[in-house]
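Residues per chain are reported as follows:
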2 protein chains.
Amino acid sequence: MSNEQLDQLRNKLDQVNLEILELINKRAELVQEIGQIKEKQGAYRFDPVRERAMLDLITEHNNGPFENSTLEALFKEIFKASLELQEDDHRKALLV
Amino acid sequence: MSNEQLDQLRNKLDQVNLEILELINKRAELVQEIGQIKEKQGAYRFDPVRERAMLDLITEHNNGPFENSTLEALFKEIFKASLELQEDDHRKALLV
């Protein structure tokens, strides 16, 4: 009985993992688009004020179980990875 | 024109952030439920074989732009945070 329940929960977990995967990649595409516009404007890609505003919006909407501090740390990793992706695009553009 | 476009993209990004937030918390709840079942079974909570299987499923479904290595690193952080949440639950249970 418990094992069946465990399998069901694990299937749900796999489903949620794939939904997170899709959203993280969708997010990366948006960040790439934003990077291209900022590139044309000659603006620097990393914007700490905007990053703070994003984190504030996230923690304002947090209903748990994760604590705000954990979510901030996780989202900062996601932001950093997205920024690195922008930087790769930038380097590739310079090499063309 | 570009600034309007930038604002639209940023609104979309905020929306995606909140969707990720919701899924990460939903995922944490599932992990807590799994932890409770494993607790009753006396099983150890961290399962490296299951973690590998989850990562493989994720990278099999990855259509980019993130590379598999980046996604593995991000998901490992999410897994770690979820496991820490389980451990907090376990400690609280012991204190009751």
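Up top you'll find the structure we're talking about.
Residues numbered from 1 in each chain as written. Chains lettered and ligands numbered in written order. Predicted model: local features only at pLDDT ≥ 70, side-chain atom pairs only at ≥ 80, totals over all residues. Heavy atoms only, no water.

**Q** Whenever I open this one, helix α2 (residues 48-60) of chain B confuses me. Can you help?
**A** In an α-helix there are 3.6 residues to a turn, and that puts residues three or four apart on one side. Residue and element names in this part refer to chain B. The terminal C-alpha atoms of α2 lie 18 Å apart, and with 13 residues this matches the ideal 18 Å at 1.5 Å per residue to within 8%. Burial in α2 covers these residues: Arg50, Glu51, Met54, Leu55, Ile58 and Thr59. Residue Asp47 occupies the N-cap position of α2, its side-chain oxygen lying 3.2 Å from the main-chain nitrogen of Val49. (Helix = DSSP H or I, 4+ residues; strand = E, 2+ residues; numbered from the N terminus. Expected span 1.5 Å × (residues − 1). Buried < 20%, exposed > 50% of the residue type's maximum accessible area, 1.4 Å probe, protein only. Polar contact = N/O pair within 3.5 Å; in protein donor to acceptor, adjacent residues only side chain to side chain.)

**Q** In this structure, what is going on with the packing of helix α1 (residues 2-41) of chain B against helix α3 (residues 68-95) of chain B? I would like to understand it.
**A** Between two packed helices, both the angle of their axes relative to each other and the distance between the axes serve to describe the pair. Residue and element names in this part refer to chain B. Orientation of α1 relative to α3, taken along the N-to-C sense of each, is 50 degrees, at an axis distance of 9 Å. When the axes of α1 and α3 are compared, the pair comes out oblique. Both α1 and α3 take part in a crossing whose hand is right-handed. For the pair formed by α1 and α3, the contact residues are Ile24, Arg27, Ala28, Val31, Gln32, Ile34, Gly35 and Glu39 on the first element and Ile78, Phe79, Ser82, Leu85, Gln86, Asp89 and His90 on the second. (Axes fitted to C-alpha atoms, helices over the stretch in contact; angles between N-to-C directions. Parallel < 35°, antiparallel > 145°, perpendicular 65-115°, else oblique. Left-handed = near helix turned anticlockwise from the far one by under 90°. Contact = heavy atoms within 4.5 Å.)

**Q** Teacher, can you tell me more about the relation of the copies chain B and chain A here?
**A** These two copies of the chain differ by a rotation about an axis and a displacement along the same axis. For the pair chain B and chain A, the relating rotation is 180 degrees, the translation along its axis is 0.0 Å, and the fit reaches an RMSD of 0.0 Å. Here the copies are linked by what is in effect a two-fold axis. Considering only C-alpha atoms, the part of chain B nearest the rotation axis is Ile20 of chain B, at 3.1 Å. The overlap is high: 100% of the interface residues of chain B also sit at the interface in chain A, so the same surface is used on both sides. (Least-squares fit on C-alpha atoms with pLDDT ≥ 70 in both.)

**Q** I'm lost on the side chain of Asn17 of chain B in this one. Help?
**A** Secondary-structure assignment places Asn17 of chain B in helix α1. Those residues in contact with Asn17 of chain B that sit more than four places away from it in its chain are Arg27, Met54, Ile58, Phe75 and Phe79 of chain A.

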